[in-house]
Protein chains: 4
Amino acid sequence: MSPTTARKRLSREESQAQTRERLIETAQQLFVANGYGGASIRDIANKAGYSQGAFYSNFSSKEDVLLELLRRHMAAEAAQLSRLMSNDGRDSERMLAELDVWASTLNQDADWCMLSIELQLHANRSKTFAAEYQKVWDQHRFELGRVIGQLFNKLGRVPPEEPGELAAAFMALSHGLALQRMSTRPDSSGRLIMAFLRGLIANAERENAE
Amino acid sequence: MSPTTARKRLSREESQAQTRERLIETAQQLFVANGYGGASIRDIANKAGYSQGAFYSNFSSKEDVLLELLRRHMAAEAAQLSRLMSNDGRDSERMLAELDVWASTLNQDADWCMLSIELQLHANRSKTFAAEYQKVWDQHRFELGRVIGQLFNKLGRVPPEEPGELAAAFMALSHGLALQRMSTRPDSSGRLIMAFLRGLIANAERENAE
Amino acid sequence: MSPTTARKRLSREESQAQTRERLIETAQQLFVANGYGGASIRDIANKAGYSQGAFYSNFSSKEDVLLELLRRHMAAEAAQLSRLMSNDGRDSERMLAELDVWASTLNQDADWCMLSIELQLHANRSKTFAAEYQKVWDQHRFELGRVIGQLFNKLGRVPPEEPGELAAAFMALSHGLALQRMSTRPDSSGRLIMAFLRGLIANAERENAE
Amino acid sequence: MSPTTARKRLSREESQAQTRERLIETAQQLFVANGYGGASIRDIANKAGYSQGAFYSNFSSKEDVLLELLRRHMAAEAAQLSRLMSNDGRDSERMLAELDVWASTLNQDADWCMLSIELQLHANRSKTFAAEYQKVWDQHRFELGRVIGQLFNKLGRVPPEEPGELAAAFMALSHGLALQRMSTRPDSSGRLIMAFLRGLIANAERENAE
DNA sequence: TATGAATGAGTCTTCATTCAT
DNA sequence: TATGAATGAAGACTCATTCAT
């Protein structure tokens, strides 16, 4: 509305970025709703308000958007985890509390989890994609594992399985619950994940430390 | 009816049954490998050694095979559970031991779990299929929940969540792990599931019985 | 129910004839409703209560039923015309009255006319069928032309066109009206045909017959 | 806009229009030759020199081309009739002369009439198409009826049937004759239609106009 | 950068017909 | 005669991708 900005609402670069952004968001929506194979580029472009050509001006192929989504997914998860990991020195009570927050975040966006599943499924089917995917996955698994390991450590308990293994299991639990949630069921993923976590801790042997 | 013709007639019925069986098996393989949407009827028929028409002589549509697979899945899972549930009077140790067997069975066939995921995904996308799917799912959830409830009961503990909820979570865990296993990782689903279960039990409050 | 007849309700030959008859009738219905190309043998056989094989036990091909229908059509039309032609000696009033009856018969069964159109359309597309069709058509045209010629003759008038040409025109009129009637409009074919006929007669030059 | 680019840009638009035009013309040919159901999109596209995809870039479905043909048919017939109707003040001799020209025009293109029949047949079978078809048909019937009514009026005679009914009959006659003409017979539709019209007039009662 | 017409392979499904029973 | 599973070709339509503008 202000005289200066109104005239040239978006610079060329901004407009291009907007195009790309809208295409990415629309692609995510449709991949989640219909699956990677079930979402067509025509639909993505049209729903975002552009032509198919616009899509190919921004991405080299269908898989290319999925890679972009993967990168964003990775970044977002890394951000989540960095909060959890910044507690290196904190006490265990505080860690559990923050894990609680993290778990309840999982529920917020079922789409987010469904995208994770689509990425995983596509990695099972495309060699090129699998390579990229593996990197992200391994890192996430490693870092979440570290958090879990620290937690057990702080509590003076021995994890019943290798921490990375436990991390993978929590992610599996979260994905599997997202899959169910899509259908009908009310959402209790975060609460369940914490229940499982507390159970594991309770059952873990005390370290013969000292 | 006569001894001579009976052999021939049977071989014809057998041949038809064989056709159907091979199509079903091939469909399952391809659904698991490429997803429901990614598996084409042409591929299914050809890989099974038949024409596309043969497929439509046996199934009314692509979704129809998936329904058949759903029915078989249901039957198999029901069989699994009925073994677990036949322990009504048994002691808790025995129940845990049998759950151990059941959990390790889950790993044996990753395909089986992936099919489960494909079924769930397709139910999220097809109204017609969702109706049928829901029935199977609810029943399975209910029965597994009952087993879990009994187990806590025998041990004199209060489940930290409604047993049906816990059942769903164990299934989610198992499906999520199957998704991961497809890619690369070695298989430890059963062991993890039991670790989680024992943890839950350990952490459960004792019943104020008596 | 009576002990003797109930047991063997239809002799083998009767039963076979019935099968054939039902297939023919169903084929006619579906050809009229969906067109020759739009009616499938599967549908015909199923709607008649038989298998596809039964169809091929009675007819050598899809066109073969159409030929059978053509033959019946021919026979029925011949019967109609033979009534009109039996009036050789009658006076013109009597002939017009009978033509009136004939014309009103046309309305009775729009299906009948639509079948005529289907036959004509198929004759335009199949060489083999065209040959058979031409015979029937020419004969019908000739005989109806003869009736018309006689009528003008009795009335001492000269037909404005060759009688066979007029016959063809009346058949065209009747078919064209049937085509319209299928959609929505009420039926007035017979009345219109007679209006046209009376007009032609009124406009015809008187014969200079001395 | 600049003289140099304008030529190129136009030639692109022209090229697109040409594609569409060729597809439409080829569709018309094949609909007439094989019927709507008998003409495949593959054949239409190939015969026009394009891929099937090109067809779907220009039309949303098979029925969509038929609708385009219907619109053109309507436009052409409206043009024909507007010539006939511009004679409001003219004398009856002049009107008959123009009707003569109109009638002989009908013969010129048998394809045009066959298309009319295909349109009518398809309207009998497709709800969606029927709605569009009805509009065109009703308007044409109404306008031709008006011309016929005027003609009788000028001649001081009472039409033997409601003018719209007579209009429908003339169209039926013309369509029915086109059907026959496809097979073998020489063309005399226009002459016959005029013979029928003159007959109707001759037979019509004089108005008791004082 | 963005357009969208055009491509060619691929989708699910239906067809007329054959053949072992 | 009658069955219906199986065939192979063809049906309408969709897709990811290319390319001239």
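All figures in this text were calculated on a predicted structure; none of them were measured in a lab.

For chain A, the helix and strand inventory stands at 10 helices and zero strands. Ordered by position from the N terminus, the helices and strands of chain A form the series α-α-α-α-α-α-α-α-α-α. Buried positions account for 49% of the 210 residues belonging to chain A. Partitioning the intrachain contacts of chain A with sequence separation of at least 6 by distance along the chain shows that 68% fall at a separation of at least 24. Carbon together with sulfur atoms contributes 49% to the accessible area of chain A, which is approximately 10300 Å² in total.

Right, let's talk about the interface of chain D and chain C for a bit. Each side of the interface is counted separately: chain D has 42 residues, and chain C has 42 residues. Summing both partners gives a buried area of about 3500 Å² for chain D against chain C, and 59% of it is carried by carbon and sulfur. Where glutamate 161 of chain C meets arginine 191 of chain D, a salt bridge forms, and the shortest distance between an N and an O atom there is 2.8 Å. At the boundary of chain D with chain C, the tally comes to eight residue pairs in polar contact (both at pLDDT 80 or more). Of all the elements, helix α8 (residues 163-183) of chain D adds the most residues to the side of chain D that touches chain C, at 14 residues. The class makeup of the residues in the side of chain D that touches chain C is 22 nonpolar, 12 polar and eight charged.

Of the transformation superimposing chain D on chain C, the axial component is 0.1 Å and the angular component is 179 degrees, with the fit at an RMSD of 0.2 Å. Such a combination of turn and shift is consistent with a two-fold rotation axis. Both copies contact each other with a shared surface, as 100% of the interface residues of chain D are interface residues in chain C too.

Next up on the list: the protein's contact with DNA strand E. Surrounding DNA strand E, one finds 35 residues, the nearest of these being Gly53 of chain A, Arg42 and Tyr56 of chain B, Lys62 of chain C together with Thr19 of chain D. Of all DNA strand E atoms lying within 4 Å of any protein atom, the proportion belonging to sugar or phosphate reaches 63%. Contact between DNA strand E and alanine 39 of chain B: a phosphate oxygen at 3.4 Å from a main-chain N or O atom of the residue. Within the side chain of serine 57 of chain D, an N or O atom sits 3.1 Å from a base nitrogen of DNA strand E.

Let's shift gears to the environment of isoleucine 44 of chain D. Residues and elements named next belong to chain D. When you line up the elements, isoleucine 44 lands in helix α2 (residues 41-48). The spacing of isoleucine 44 and leucine 23 is 21 residues in sequence and 6.8 Å in space, taken between C-alpha atoms. Aside from chain neighbours lying at most four places away, what touches isoleucine 44 is Leu23, Thr26, Ala27, Leu30, Phe31 and Phe55.

Time to look at the protein's contact with DNA strand F. Taken together, 34 residues form the shell around DNA strand F, and within it Ile41 and Lys62 of chain A, Thr19 and Asn58 of chain B together with Gly53 of chain C come nearest. Backbone atoms, meaning sugar and phosphate, make up 64% of the atoms of DNA strand F lying within 4 Å of the protein. Measuring from a phosphate oxygen of DNA strand F, one finds a side-chain N or O atom of lysine 62 of chain A at 2.7 Å. For the surface near DNA strand F, the secondary-structure elements that each account for two or more residues are α3 (41-48) and α4 (52-58) of chain A, α1 (3-34) and α3 (52-58) of chain B, α2 (12-34) and α4 (52-58) of chain C together with α2 and α3 (52-58) of chain D. Partitioning the surface near DNA strand F into residue classes produces 10 nonpolar, 18 polar and six charged.

Residue and element names in this part refer to chain C. Where helix α5 (residues 62-85) meets helix α7 (residues 110-123), the axes come as close as 11 Å, and the angle between the chain directions of the two elements is 125 degrees. Taken together, the axes of α5 and α7 are oblique relative to one another. At the point where α5 passes α7, the crossing takes the left-handed sense. Of α7, the residues touching α5 (which contributes Glu63, Leu66, Leu69, Leu70, Arg72, His73, Ala76 and Glu77) are Trp112, Leu115, Ser116, Leu119 and His122. Of the residues belonging to the contact of α5 with α7, the class tally is seven nonpolar, three polar and three charged.

Looking now at the pattern of salt bridges. All names here are of chain A. Evaluation of the coordinates by the stated rule reveals 40 salt bridges over all chains. Notably, a salt bridge pairs arginine 198 with aspartate 100, separated by 3.2 Å at the nearest N-O pair. With arginine 198 in helix α10 (residues 189-203) and aspartate 100 in helix α6 (residues 92-108), this residue pair connects regions lying 98 residues apart in the sequence. The exposure class assigned to aspartate 100 is partly exposed, which follows from its relative accessible area of 32%.

What follows concerns the interface of chain B and chain A. With 42 residues of chain B in contact, the opposing surface of chain A contributes 42 residues. Surface buried jointly by chain B and chain A totals about 3500 Å² across both partners, of which 59% is contributed by carbon and sulfur atoms. At the surface where chain B touches chain A, the tally comes to four salt bridges. Residue assignment for the side of chain B that touches chain A shows that the elements contributing at least two residues are α1, α6 (110-123), α7 (127-154), α8 (163-183) and α9 (189-203) of chain B. Of all the elements, α8 of chain B adds the most residues to the side of chain B that touches chain A, at 14 residues. Partitioning the side of chain B that touches chain A into residue classes produces 22 nonpolar, 12 polar and eight charged.

All right, on to the packing of aromatic side chains then. Here the distance between the centres and the angle between the planes together describe a pair of aromatic rings. For the structure shown, the criterion picks out 22 aromatic pairs over all chains. Each ring, one from phenylalanine 55 of chain D and one from tyrosine 56 of chain D, has its centre 5.3 Å from the other, and the planes form 70 degrees; the classification is edge-to-face. A residue is classified by how much of its surface remains accessible, and phenylalanine 55 of chain D, at 0% relative accessible area, is buried. Among the residues examined, tyrosine 56 of chain D registers a relative accessible area of 45% and is labelled partly exposed. Site record: aromatic cluster; members linked through ring pairs are Phe170 and Phe196 of chain A together with Phe170 and Phe196 of chain B. When the ring centre of tyrosine 36 of chain A is taken as origin, the NZ or CZ atom of lysine 62 of chain A, which lies over that ring, is 4.6 Å away.

This brings us to the confidence of the model for chain A. On average, residues of chain A carry a pLDDT of 86, and 89% of them reach 70 or more. Of all helices and strands in chain A, the one with the weakest mean pLDDT is helix α1 (residues 3-7) of chain A (46), whereas α3 of chain A scores best (97).

Residue and element names in this part refer to chain D. For glutamate 143, the position within the fold is in helix α7 (residues 127-154). One buried charged side chain, glutamate 143, makes no salt bridge at all; its nearest oppositely charged neighbour is arginine 146, positioned 7.0 Å away. For glutamate 143, the contacting residues outside a window of four places in its chain are Leu81 and Met85.

The next point concerns the packing of helix α4 (residues 62-85) of chain B against α7 of chain B. Residue and element names in this part refer to chain B. Where α4 contacts α7, the axes come no closer than 10 Å and their chain directions differ by 10 degrees. When the axes of α4 and α7 are compared, the pair comes out roughly parallel. Contacts between α4 and α7 pair Glu63, Leu66, Leu67, Leu70, Met74, Glu77, Leu81, Leu84 and Met85 from the former with Thr128, Phe129, Glu132, Tyr133, Val136, His140, Glu143, Leu144, Arg146 and Val147 from the latter. For the contact of α4 with α7, the residue count by class is 12 nonpolar, two polar and five charged.

The subject of this paragraph is the environment of glutamine 16 of chain D. By the element assignment, glutamine 16 of chain D lies in helix α1 (residues 3-34). As a C-alpha pair, glutamine 16 of chain D and asparagine 58 of chain D span 42 residues in sequence and 9.0 Å in three-dimensional space.

All names here are of chain B. Inspection of the secondary structure assignment puts alanine 39 in the loop between α1 and α2 (41-48). Looking at alanine 39, the relative accessible area reads 0%, which means it is buried. Spatially, the C-alpha atoms of alanine 39 and glutamine 29 are 9.2 Å apart, while their sequence positions differ by 10 residues.

The rules behind the values
- Residues numbered from 1 in each chain as written.
- Chains lettered and ligands numbered in written order.
- Predicted model: local features only at pLDDT ≥ 70, side-chain atom pairs only at ≥ 80, totals over all residues.
- Heavy atoms only, no water.
- Helix = DSSP H or I, 4+ residues; strand = E, 2+ residues; numbered from the N terminus.
- Buried < 20%, exposed > 50% of the residue type's maximum accessible area, 1.4 Å probe, protein only.
- Contact = heavy atoms within 4.5 Å.
- Areas by Shrake-Rupley, 256 points an atom, 1.4 Å probe, with all protein chains shown as cover.
- Buried area = accessible area lost by both parts, 1.4 Å probe.
- Salt bridge = Lys/Arg side-chain N within 4 Å of Asp/Glu carboxyl O.
- Polar contact = N/O pair within 3.5 Å; in protein donor to acceptor, adjacent residues only side chain to side chain.
- Nonpolar A, V, L, I, M, F, W, Y, C, P; charged D, E, K, R; others polar.
- Least-squares fit on C-alpha atoms with pLDDT ≥ 70 in both.
- Near = heavy atom within 4 Å.
- Axes fitted to C-alpha atoms, helices over the stretch in contact; angles between N-to-C directions.
- Parallel < 35°, antiparallel > 145°, perpendicular 65-115°, else oblique.
- Left-handed = near helix turned anticlockwise from the far one by under 90°.
- Phe/Tyr/Trp six-rings, centres within 6.5 Å; stacked < 30°, edge-to-face > 60°.
- Lys NZ or Arg CZ within 6 Å of the ring centre and 35° of its normal.
- pLDDT = per-residue confidence, 0-100.
- Lys, Arg positive; Asp, Glu negative; His and termini not counted.

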